[in-house]
Amino acid sequence: MATPSSLPFKSLIFVSLIIFIFYQSFFLGVSAQSDFDLDDLEWLQGKEDDVNVVQSRLSHQRQCDFSVGKWIYDQSYPLYDATCPYLSGKVNCQMNGRPDSDYEKWRWKPDGCNIPRFDALEFLGKMRRKRMMLVGDSIMRNQWESLVCLIEHVIPPEKKTVSYNGSSMAFHALDFEASIEFCWAPFLVELKSGYQNKRILELDSIEENAQYWRGLDILVFDSAHWWTHSGEWSSWDFLKEGNRIFTDLNPMVAYEKGLFTWARWVDLNLDPRRTRVIFRSVSPKHNRDNGLKCYYQKEPLAYFRRQPHLPEQLFVLRGVLRRMRFPVYLQDITVMSALRRDGHPSVYVRALTEEEAQHPEGHSTDCSHWCLPGVPDAWNEMLYALL
Ligand SMILES: *[C@@H]1O[C@H](CO)[C@@H](O)[C@H](O)[C@H]1NC(C)=O
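Residues numbered from 1 in each chain as written. Predicted model: local features only at pLDDT ≥ 70, side-chain atom pairs only at ≥ 80, totals over all residues.

A. Inspection of the overall build of the chain at higher detail. Within the chain, the regular secondary structure consists of 11 helices and 13 strands. Across the 387 residues that make up the chain, the buried fraction comes to 37%. Across the chain, every contact between residues at least 6 apart in sequence was considered, and the portion connecting residues at least 24 apart equals 78%. (Helix = DSSP H or I, 4+ residues; strand = E, 2+ residues; numbered from the N terminus. Buried ≥ 20, exposed ≤ 12 C-beta atoms within 10 Å, placed from the backbone. Contact = placed C-beta atoms within 7 Å.)

B. Molecular detail of the sheet that holds strand E12 (residues 276-280). Taken together, 7 strands build an open sheet; the order of strands is E4-E5-E6-E3-E9-E12-E13 and the sheet is mixed. The outermost strands of the open sheet, each flanked by one partner alone, are strand E4 (160-165) and strand E13 (329-331). Averaged over all neighbouring strand pairs, the angle between strand axes comes to 20°, with direction disregarded. For strand E3 (residues 131-136) and strand E6 (residues 178-184), the ladder comprises 6 bridges, and the chain directions are parallel. Across the sheet, the residue bridging to Met132 is Ile180, located in E6. Its contacts with the sheet put helix H5 (residues 138-152) on E3, E4, strand E5 (168-173) and E6, and the angle it makes with E6 is roughly 165°. (Pairing = 2+ DSSP bridges. Axes fitted to C-alpha atoms, helices over the stretch in contact; angles between N-to-C directions.)

C. Helix H11 (residues 375-386), seen in detail. Taking 1.5 Å per residue as the helical rise, H11 with its 12 residues ought to reach 16 Å, and the 17 Å between its terminal C-alpha atoms agrees with that figure. Most of H11 sits inside the fold, with 10 of its 12 residues counted as buried. (Expected span 1.5 Å × (residues − 1).)

D. Inspection of the packing of H5 against H11 at higher detail. It is the contact of H5 with H11, at a shortest axis distance of 9 Å, that shows an interaxial angle of 70°. When the axes of H5 and H11 are compared, the pair comes out roughly perpendicular. Judged by residue contacts, Asn142, Gln143, Ser146, Leu147 and Leu150 of H5 engage Pro376, Asp377, Trp379 and Asn380 from H11. Looking at the contact of H5 with H11 residue by residue, the class counts come to 4 nonpolar, 4 polar and 1 charged. (Parallel < 35°, antiparallel > 145°, perpendicular 65-115°, else oblique. Nonpolar A, V, L, I, M, F, W, Y, C, P; charged D, E, K, R; others polar.)

E. The arrangement of the nonpolar core in detail. In terms of nonpolar packing, the biggest core is built from 81 residues, with Met133, Val135, Leu219 and Val220 touching the most fellow members. Considering each element in turn, this core owes the most residues, 8 residues, to H5. (Core = buried A, V, L, I, M, F, W, Y, C linked by C-beta atoms within 7 Å.)

F. Spatial organisation of helix H8 (residues 312-322). Residues Gln313, Leu317 and Leu321 constitute the buried set of H8. Buried residues of H8, viewed axially, fall in a sector of 65°; they line one side. Packing partners of the buried residues in H8 comprise helix H7 (251-269), E12 and E13. (Arc of directions from axis to C-beta.)

Here it is in structure tokens:
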């Protein structure tokens, strides 16, 4: 019970917190990773543990905005090579004959601070008896392979293994009782097969996917690209919400509805004192000119001549995160990665003959995923700095 003498002290803390939060929302605006509105103050009142958690996260974010900075050429990179057994063929660009390798040697330097070089043993130490899961689409799978390759080389063969369960898989570091997992859920909400095999995207169903997300210590989400596939590449035939069926809903409205379903699940089912939740922003593509935009690019852009066009998903995502109670960290990698048109597999998604490599037109190219080692290693170094 509060004694009369401790009351003024508590009010003082509370008033400072309000001032701090107002400062955050006014001066940092959209760049603040999670803003709070007045409803949240009610939630914070009287829960000192939560206040401390939220406060330390906010002040950490205020110290350094990881999303603004530059790429620095660094001979001491990459941190692993093409022999990592967990790399899938389509992103192992060196194995597929990509002639240049400078794209492996850039590290990201935020303007306000340094991101420490990834240290596999220290990372595993922090992960002891913990489970971390990356949830989302094939770009998230790309990031999972990067993270596993960053750590696996310090673990002897008999002390590591991969297991599969439904739409998830896990890399286990046995001595550390730690796992780095991936769960396939490109929409977060559920895509079901209906009458005549029509694909129905259920904007308000999430439990079947979310059963895999319970009990995790760290969750990293992404969901963006599958919402904008259109025309013959459309990922669904119908959208469904409650009893309503939509055939023609603006994809960004659908995206917002899907994200709200996810946000509600996180708010209701996770405890910020037990689980860290990070949402990684949309990974940029360099697909223009029939996918040849990223062919033969050998170095990052130094800067943008014009303000880069931000994908619409980022604005929708920020809006949803702002309205959540749970303090989700928005890991913003969109602009930094947009500088890296040199980082995609392009034609080196498979081994090419010399003849084919000289005439890339007419071969399938990939300017969406990233060569590994490469850009997702920098996202994971950023994750490592956050933990
Ligand atoms: C597979 O995942 C489900 C959902 O998280 C879980 O209930 C089940 O125990 C898991 N099975 C195995 C073999 O780990």
